[in-house]
Amino acid sequence: MVEAVTAQDMQRFDRYTIEEIGVPSLVLMERAAMSVIEVLAAGSFDLANVLVIAGLGNNGGDGVAIARMLTQKGVNVDLLILGDEHRATANTATQLKIARGYGIETQNRVRDFRNYTVIVDALFGIGLSKPVPSKLGDIIKRVNAANIPVISVDVPSGLHATTGEILGSAIRATATVTFAYPKQGLLQNEGLKRAGNIYVKDIGIYSPEELAAFKQEESEN
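Rules behind the numbers
Residues numbered from 1 in each chain as written. Predicted model: local features only at pLDDT ≥ 70, side-chain atom pairs only at ≥ 80, totals over all residues. Heavy atoms only, no water. Helix = DSSP H or I, 4+ residues; strand = E, 2+ residues; numbered from the N terminus. Rg over C-alpha atoms; globule rule 2.2 N^0.38 Å. Buried < 20%, exposed > 50% of the residue type's maximum accessible area, 1.4 Å probe, protein only. Contact = heavy atoms within 4.5 Å. Areas by Shrake-Rupley, 256 points an atom, 1.4 Å probe, with all protein chains shown as cover. Phe/Tyr/Trp six-rings, centres within 6.5 Å; stacked < 30°, edge-to-face > 60°. Patch = residues over 30% accessible without salt bridge, like charges linked within 9 Å, V, L, I, M, F, W, Y side chains within 5 Å. Salt bridge = Lys/Arg side-chain N within 4 Å of Asp/Glu carboxyl O. Core = buried A, V, L, I, M, F, W, Y, C linked by side-chain atoms within 4.5 Å. Axes fitted to C-alpha atoms, helices over the stretch in contact; angles between N-to-C directions. Parallel < 35°, antiparallel > 145°, perpendicular 65-115°, else oblique. Left-handed = near helix turned anticlockwise from the far one by under 90°. Nonpolar A, V, L, I, M, F, W, Y, C, P; charged D, E, K, R; others polar.

Caption draft 1: Seen up close, the overall build of the protein chain. Broken down by element type, the protein chain carries seven helices and seven strands. Each helix (α) and strand (β) of the protein chain, taken in turn from the N terminus, gives the series α-α-β-α-β-α-β-β-α-β-β-α-β-α. Rg of the C-alpha trace for the protein chain: 17 Å, near the compact-globule value of 17 Å for 221 residues, within the 12% margin. In terms of its C-alpha atoms, the protein chain occupies a principal-axis envelope of roughly 60 × 40 × 35 Å. Residues counted as buried form 50% of the 221 residues belonging to the protein chain. In the protein chain, the share of contacts with a sequence separation of at least 24, taken over all contacts with a separation of at least 6, comes to 75%. Accessible area for the protein chain stands at about 10,700 Å²; split by element, carbon and sulfur atoms hold 48% of it.

Here it is as C-alpha cells:
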C-alpha cells in the first residue's frame, strides 16, 4: 500500500489509469468532484452561500464540476474563473461547456470574499511547480484574509505537492480533499499548517504496483 506520493508519482498513476486502464479523464474528474461534495455535505460546512474558485488546469475543471453539482442540489453557488478561458485544458473547457448548458454563469472577480460561507479552492493542483503569478497571489492573500472556511481540491493552491513549500502564496485551508493517495507536501513543512483536515478519497486511480496486487489477490480467491 502506498502511503504518500510525490506530485510526479501521482501524475504517473493518473496517466496509467487513463492510458493503460482506459478510465476516461472526465470520469475521474466527475468522481473527484463528487468526493469533494461528500465532504462539503457531511455537516461541517455552512453551504448557505458557496464560492468556487477555479483555475484553467484540470484542478479548475474539478472546481467547475463541483459548482455544477452543488447548483443541481439547490445550493447557492458563485463560480469564479481566474484566467483566460481560451487557455483552459480540454477537460476544463468541457466542464465549462457542461456547466453553461445547465445555465450556470461564471464571473471573473469578487468584491468581498467575506460574503461567502465557504470557499472551494480549485485554483492550482499538484502540477504547480513555479511561484504563483502576483495577481493570483493577491487573490490567495485576500481569501486568507477573509477568514472564511476553505476546502481545497487535492492540495491548497500555491503549496508544492511534493515538498510542502509555499510557492509565493498559498491558501490556508480548513480542509483538503486529496485523491487516491496523500501527497507528501500535505504532510510536511508548510503543508502541515495549510492543509487543515485531510480527507483521502478513492476515485479509481491506483499505482501499477497496487493494481497488480489487487489482481493477484483476486486470482487467488
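Read on, since the account is not over.
Caption draft 2: Here's a closer look at the packing of aromatic side chains. Evaluated as defined, the whole model comprises one aromatic pair. Here F13 and Y181 contribute two aromatic rings whose centre-to-centre distance is 5.7 Å and whose plane-to-plane angle is 70 degrees, an arrangement assigned as edge-to-face. With a gap of 168 residues between them, F13 in helix α1 (residues 7-21) and Y181 in the loop between β6 (175-179) and α6 (191-194) connect regions that are remote in the sequence.

Caption draft 3: Seen up close, the environment of S25. Inspection of the secondary structure puts S25 in helix α2 (residues 25-40). Assessed through its relative accessible area of 24%, S25 is described here as partly exposed. In sequence terms S25 and I53 are 28 residues apart; their C-alpha atoms lie 21 Å from each other. Residue contacts for S25: discarding those within four places in its chain leaves I18 and N91.

Caption draft 4: Broad picture of a nonpolar patch on the surface. A cluster of nonpolar side chains, namely L187, L192, I198 and V200, defines an oily patch on the protein surface of about 340 Å² accessible area. Inspection of the secondary structure puts L192 in helix α6. Judged by relative accessible area, L192 falls into the exposed class, the value being 59%.

Caption draft 5: Expanded view of the nonpolar core. Judged by nonpolar contacts, the single largest core of 49 residues is most densely connected at L40, I66 and I151. Among the elements that line this core, the one with the most residues is α2, at seven residues. When neighbours within four sequence positions are excluded, L40 is seen to be in contact with F45, L47, I66, L70, V118, V120 and I151. If you look at the next biggest cluster of nonpolar residues, it comprises 22 residues, including L80, L136, V150 and I171.

Caption draft 6: Just the packing of α2 against helix α4 (residues 90-101), in detail. Running from N to C, α2 and α4 cross one another at 60 degrees; their axes reach a closest spacing of 10 Å. By the angle between their axes, α2 is oblique relative to α4. In terms of crossing hand, the pair formed by α2 and α4 is right-handed. Along its contact with α2, which presents S25, L26, M29 and E30, the element α4 presents N91, T94 and Q95. Split by residue class, the contact of α2 with α4 holds two nonpolar, four polar and one charged.

Caption draft 7: Expanded view of the side chain of S169. Of note, S169 is situated in the loop between β5 (150-153) and β6. Excluding residues within four positions of it along the chain, S169 makes contact with V132, G137, I140, K141, S157 and G158.

Caption draft 8: Broad picture of the packing of α2 against helix α3 (residues 58-72). Running from amino to carboxyl end, α2 crosses α3 at an angle of 55 degrees, the nearest separation of the two axes being 8 Å. Taken together, α2 and α3 sit at an angle that is classed as oblique. Crossing of α2 over α3 shows right-handed handedness. Each of M29, E30, A32, A33, M34, V36, I37 and L40 in α2 lies in contact with α3, whose residues at this interface are N58, G61, D62, A65, I66, R68, M69 and L70. Considering only residue class, the contact of α2 with α3 consists of 11 nonpolar, two polar and three charged.

Shape is all these values report; function is a separate question.
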